[in-house]
Structure formats: C-alpha cells, structure tokens
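Reading the structure
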Amino acid sequence: MAGLNSKQVGWVKALVFVLALIPFARLVWGTASGSFSDPLAAITKGSGEWALYFLCITLAVTPLRRLTGWNWLVKLRRMIGLFMFFYALVHFTAFLWFDHFFDVPAMLADVIKRPFILVGFIAFVLLIPLAATSTNAMIKRLGGKRWQWLHRLIYVIAPLSILHFWWMKEGKNDFVRPIIFGSIIALLLAWRVWWNVRGKSQPVRP
C-alpha cells in the first residue's frame, strides 16, 4: 500500500469521491421520495454530522500517513477537506433556506440570539477561506508558509464545531455523540501538537 502509483491513487480518489457523495445522495433521495417525516431536521442533522465525520477524517490523514508511511494519503486530504466544507455548506444552506427562507437579516438576528448557532456560523465562515485557497494556484499565489498559516485555522474550526454540536445536543440532554466526536478531535489535535513539539526538540543532524 505504501507504494501506490499515480493510476492506483487515481482509482482510490475516485472511490473516495463516490463514497463521500453517498450521504448526500441519501439526503436528496429521502427528501424527494418523502421518506423523511421531517426533511428539514433530517437534512440539517445529516449534513452537520457528516461535516464532523469529514473533519475527523481530514485531521486523521497526517497522523495516519506518519504512522503507516502511506505518503499517498496526502493526495486525498484536499478532497476530503472539500467534502467537509461541502457538507458544512449544505448544513448552513438548510438553516438559511428552510429556517429563514433566505431572509439574511432574520438569519443574522438568530445567529446573534442563539450561542450554539453563533459558534457554528463562525466555524463555517472560517472554513470559507480554507476552501477558497485549496487549489494549487492559490497555494503558489499565497506562498507555502502563508498558506500553511492560513490553514491552521482548522485548529480553531475544530473546537468551535464541537462546541456547536455540544450546545445543540445539550437541549436534548444528549451528550454521547458530542463526547465521542470531541474526544476523537481532541486526540487528533493533541497528536499534532505533540508531533510538532517533538519535531522542534529533535537535534538538527549535520
């Protein structure tokens, strides 16, 4: 697995792309066929949770690559991150469309009034520049170092996303899934911090 060639990586990317669209297809089919008793709730819940799934997978790519030596995993990270943004966009669109019928002032008033929506909204806004700068052209235009600094916003987005999910579930006294998601993300972020500190503490070899 460590030495996949370009063609094999292309097949893996195609497979991941198709699999990543299945949750969205299920939401579309469930809404169109009338399978959901509450389509708004189904779309909002499903898209939000899949955004979190893809956030976890995105954060897991680098640790998994370093532990396994599968360097080709890096070639999947951008696509997985964009699917995270895609499901977050569906989640936000459901809120703006079905909850507020594209009434932006009413939406902003709701954002300010309810803290769990506010932190989710901030997380989504911070995702936009990450998605917008995901192309090779933007990496070259920004420069590698500035691009890396910008994409460290994921360290802010991740806890805000968990806080949004936690507060949303708090009203239903349901903390199991927020704890699971939060623990996974905390572990992945802690691993990254440990790895960076460890790397900086290693003596430079001549």
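Details of the structure are given in the entry above.
Residues numbered from 1 in each chain as written. Predicted model: local features only at pLDDT ≥ 70, side-chain atom pairs only at ≥ 80, totals over all residues. Heavy atoms only, no water.

**A short note on the overall build of the protein**
Convention followed: Numbered from the N terminus, helices here are DSSP runs of H or I no shorter than four residues, and strands are runs of E no shorter than two. Here the term buried applies to any residue with accessible area under 20% of the maximum for its type, exposed to any over 50%, and partly exposed to those in between, with areas from a 1.4 Å probe on protein chains only. Any two residues having at least one pair of non-hydrogen atoms within 4.5 Å are treated as being in contact. All accessibility values rest on the Shrake-Rupley procedure with a 1.4 Å probe; residue burial counts only the protein chains present in the view. When charges are counted, neither His nor the chain ends are considered; positive counts come from Lys and Arg and negative counts from Asp and Glu. In this description, the location of a charge corresponds to atom NZ of lysine, CZ of arginine, CG of aspartate or CD of glutamate.
Within the protein, the secondary structure is distributed over nine helices and zero strands. Overall, the protein shows an N-to-C arrangement of helices and strands of α-α-α-α-α-α-α-α-α. A burial count over the protein gives 34% of its 206 residues as buried. Intrachain contacts of the protein at a sequence separation of at least 6 include 67% that bridge at least 24 residues. About 12700 Å² of surface is accessible on the protein, with carbon and sulfur atoms providing 69% of the total. Distance from the positive charge centre (23 side chains) to the negative charge centre (7 side chains) of the protein: 26 Å.

**Digging into the pattern of salt bridges**
For clarity, the threshold we go by: Salt bridges are defined by distance alone: a side-chain nitrogen of Lys or Arg within 4 Å of a carboxyl oxygen of Asp or Glu.
Counted under the stated rule, the structure contains three salt bridges. The shortest N-O distance in the salt bridge between K45 and E49 comes to 3.6 Å. Of this pair, K45 and E49 both sit in helix α2 (residues 39-68), four residues apart, which is roughly one turn of that helix. Residue classification places K45 among the partly exposed positions, given a relative accessible area of 45%.

**So, the environment of I43**
Within the secondary structure, I43 sits in helix α2. Overall, I43 belongs to the buried group, its relative accessible area being 11%. In the structure, I43 is positioned 105 residues away from Q148 in sequence and 33 Å away in space, judged by C-alpha atoms.

**Comments concerning helix α3 (residues 74-99)**
Note the following rule: A helix's residues, less one, multiplied by 1.5 Å, set its expected span.
Look at α3: 37 Å from first C-alpha to last across 26 residues, which is about the 38 Å you get at 1.5 Å a residue. Note on α3: the residue one or two positions beyond its end, F101, has a positive phi of about 50°.

**Remarks on the packing of helix α1 (residues 6-33) against α2**
Worth spelling out the cut-off: Interaxial angles span 0 to 180 degrees and are taken between N-to-C directions of axes, which are lines fitted to C-alpha atoms, for helices over the stretch in contact. Oblique is the label for any angle not under 35 degrees, not over 145, and not in the 65 to 115 range, which are roughly parallel, roughly antiparallel and roughly perpendicular in turn. For this classification, the nonpolar set comprises Ala, Val, Leu, Ile, Met, Phe, Trp, Tyr, Cys and Pro, the charged set comprises Asp, Glu, Lys and Arg, and every other residue, Gly included, is treated as polar.
Taken N-terminus to C-terminus, the directions of α1 and α2 make an angle of 175°; their axes are 10 Å apart at the nearest point. In terms of orientation, α1 and α2 fall into the roughly antiparallel class. Here A20, P23, L27 and T31 of α1 come into contact with α2, specifically with P39, A42, I43, G46, S47, W50 and F54. Tallied by class, residues from the contact of α1 with α2 come to eight nonpolar, three polar and no charged.

**A word on the packing of aromatic side chains**
Defined as follows: Two rings belonging to Phe, Tyr or Trp (six-membered ring only in the last case) form a pair when the distance between their centres is within 6.5 Å. Interplanar angles under 30 degrees mark stacking, angles over 60 mark edge-to-face geometry, and anything in between is tilted. Only when the NZ of Lys or the CZ of Arg is both within 6 Å of the ring centre and within 35 degrees of the ring normal is a charge said to sit over the ring.
Following the criterion strictly, the structure yields 17 aromatic pairs and no others. A centroid spacing of 5.6 Å and a plane angle of 10° characterise the contact between F54 and Y87, whose relative ring orientation is stacked. On the criterion of sequence distance, the pair formed by F54 in helix α2 and Y87 in helix α3 is long-range, its members being 33 residues apart. Given a relative accessible area of 6%, F54 falls into the buried group. Measuring from ring centre to ring centre gives 6.0 Å for W70 and W72, while their planes differ by 20°; the resulting arrangement is stacked. Residue W70 is classed as partly exposed on the basis of its relative accessible area, which comes to 27%. Overall, W72 belongs to the buried group, its relative accessible area being 8%. Here a set of aromatic residues connected by ring pairs shows up, and it is made of F17, F24, W50, Y53, F54, F83, F86, Y87, F165 and F181. Cation over ring: R152 sits above W149, and NZ or CZ is 4.3 Å from the ring centre.

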